[in-house]
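Fold and contact review
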Amino acid sequence: MENEADLISGALAGEEEAYRGLLNLYKGRVFSFVYRIVRNYDDAEDITFGTFVRCFKALSSFDPTKSFSTWLFSIAHNLTVDFLRKKKQEYELLDERLPGGDDLVQEYEKNEQLGRIEGALLKLAPIDREIVIFFYREEKSYKEIGEILNIPVTTIKTRLHRARKKLRDLVREKG
Amino acid sequence: MRHKEIEILIQKSLDHETNGEEERTLQLHLSRCPACRQLYRELMQTEQALTGLIEFYPRQDFDDRVLRKLGLARSLVWAKAAVVLAGAWFGSVLFLLFSPLTEEFFGRVLTSVPALARSIGKIQFAISTFNHVLIPFAKNFNYAFPIIALVFTVLLLYLFSKTMKKEVVCRA
């Protein structure tokens, strides 16, 4: 697998293969993140598409001393929040009226435990879902999550702790 | 130590932020308290499940669309489709020209379905009219061949479109 820094240099030089390399590295991760927040496949694809277009257009302004994934996820986060606000969806609270998400749970038909956690994750507020995904799926530090979400580390910790307990309670209920 | 304080320690432990003494205090309490032990175990299980979340992917043509938006990739879809269509049609005509199967066989196949037979009748009329222009140049040509080749081509194109169909992992 090519080095990320090499791919970024190649992309800056206009090499199509370098762009494809970056897409291969990140499109699944970004799409999975967005999909779990907006809970609609087509919307998630549109947002992910916008994320990469924006990222690649602004690639020349990326600071190579910083983390590329943190920068990319910041863009994805901002576009996701914009989308939720346009749809008048609550970001910091859970809007129980929202449809969608059944397909996410159905994918885990063969693995009940994973299906339960995915279903429980959907019951968190979008901001808590983001924190959980960044912490566990993307293995981001509190500091990095703070940079992406633009909120203090203490708030992230508090929300993560509450989210853990809530997830555990929800999984227990279904179990 | 109170359960509330232990819960804070558990969270801290899950964050990998406990020092040696805090971890010892926690483990000592967990060894004596079933309720806190259960909480700790269930939180650990929740964590494990979260690290096992599967990855979803956008549609197959996602990369091409992004690069096209940036002006980096030419659209090759129609070029590919045209090459396949032309190749399939030409291959079909060649196959029919040199096929060991008789005209009678093809005739029976084509007329086995009444609606198909009617459509073919109409197409035959159109082509036979056109044929009058071709006859001086293609005396051995059978006007049924292009129709049969077209049927094969449509079938092949349908199969081709199936392979080009957006493959989605974990689709909505």
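Residues numbered from 1 in each chain as written. Chains lettered and ligands numbered in written order. Predicted model: local features only at pLDDT ≥ 70, side-chain atom pairs only at ≥ 80, totals over all residues.

This brings us to the overall build of chain B. What chain B contains, in helices and strands, is eight helices and zero strands. Going through the 172 residues of chain B one by one, you find that 10% of them count as buried. For chain B, the share of sequence-separated contacts (at least 6 apart) that also reach a separation of at least 24 residues comes to 60%. (Helix = DSSP H or I, 4+ residues; strand = E, 2+ residues; numbered from the N terminus. Buried ≥ 20, exposed ≤ 12 C-beta atoms within 10 Å, placed from the backbone. Contact = placed C-beta atoms within 7 Å.)

Bringing the overall build of chain A into the picture now. Along chain A, the regular secondary structure elements total nine helices and zero strands. In chain A, the succession of α and β elements from N to C terminus is α-α-α-α-α-α-α-α-α. A buried classification covers 38% of the 175 residues belonging to chain A. Counting contacts in chain A only where the partners sit at least 6 residues apart, residues at least 24 apart contribute 59% of the total.

Our focus in this paragraph is the interface of chain A and chain B. Across the boundary between the two partners, chain A contributes 34 residues, which contact 29 residues of chain B. Among the elements of the structure, helix 2 (16-38), helix 3 (41-57), helix 6 (112-122), helix 7 (126-137) and helix 9 (153-174) of chain A are those that each provide at least two residues to the side of chain A that touches chain B. No other element matches the 10 residues that helix 2 of chain A contributes to the side of chain A that touches chain B.

All names here are of chain B. Counting through the fold element by element, A35 comes out in helix 3 (residues 34-51). Take A35: there are 10 C-beta atoms within 10 Å of it, and that puts it in the exposed class. Placed 32 residues apart in sequence, A35 and H3 show a C-alpha to C-alpha distance of 9.0 Å.

Moving on, we get to the nonpolar core. Formed by 46 residues in total, the largest nonpolar core has its most connected members in A:V30, A:V34, A:I131 and A:V132. The element contributing the most residues to this core is helix 2 of chain A, with 11 residues. In this structure, B:I6, B:L9, B:L30 and B:L43 belong to the second largest nonpolar core, which totals seven residues. (Core = buried A, V, L, I, M, F, W, Y, C linked by C-beta atoms within 7 Å.)

Under the present numbering, the feature "domain: Putative zinc-finger" (unreviewed entry) in UniProt falls on residues 4-37 of chain B. The distance separating the terminal C-alpha atoms of residues 4-37 of chain B is 13 Å; by composition the span is 82% helix and 0% strand. (UniProt positions renumbered as here; feature names shortened; annotations may be inferred.)

Residue and element names in this part refer to chain A. One non-glycine residue, R39, adopts positive backbone phi at about 60°. For R39, the location among the structural elements is in the loop between helix 2 and helix 3. At E139, a residue that is not glycine, the phi angle is positive and equals roughly 50°. For E139, the position within the fold is in the loop between helix 7 and helix 8 (142-149).

Residue and element names in this part refer to chain A. In the contact formed by helix 4 (residues 68-86) and helix 8, the axes pass within 8 Å of each other and the chain directions differ by 40°. In terms of orientation, helix 4 and helix 8 fall into the oblique class. As for the relative orientation of helix 4 and helix 8, their crossing is right-handed in sense. Contacts between helix 4 and helix 8 involve T70, F73, S74 and H77 from the former and E144, E147, I148 and L149 from the latter. (Axes fitted to C-alpha atoms, helices over the stretch in contact; angles between N-to-C directions. Parallel < 35°, antiparallel > 145°, perpendicular 65-115°, else oblique. Left-handed = near helix turned anticlockwise from the far one by under 90°.)

Confidence along chain A averages 86 in pLDDT terms, with 83% of residues attaining 70 or more. Within the model, the stretch residues 95-99 of chain A combines pLDDT values under 50 with four contacts to residues more than four positions away or in other chains. (pLDDT = per-residue confidence, 0-100.)

A few words now on the confidence of the model for chain B. Low pLDDT marks stretches whose predicted atomic positions should not be read closely. Residues and elements named next belong to chain B. When the pLDDT values of chain B are averaged, the result is 75; 62% of them are 70 or greater. The least confident element of chain B, judged by mean pLDDT, is helix 7 (residues 114-134) at 65; the most confident is helix 4 (residues 62-69) at 93. Predicted confidence is poor over residues 165-172, with pLDDT under 50, and the contacts of this stretch with residues over four places away or in other chains come to 14 contacts.

This part covers the packing of helix 2 of chain A against helix 3 of chain A. All names here are of chain A. At their nearest, the axes of helix 2 and helix 3 sit 9 Å apart, and the two run at 140° to each other. Taken as axis vectors, helix 2 and helix 3 run oblique relative to one another. Relative to helix 3, helix 2 is oriented so that their crossing is right-handed. On helix 3, the residues touching Y19, L23, K27, V30, F31, V34, Y35 and V38 of helix 2 are Y41, D43, A44, E45, I47, T48, T51, F52 and F56. Classifying every residue of the contact of helix 2 with helix 3 by side-chain character gives 12 nonpolar, two polar and three charged. (Nonpolar A, V, L, I, M, F, W, Y, C, P; charged D, E, K, R; others polar.)

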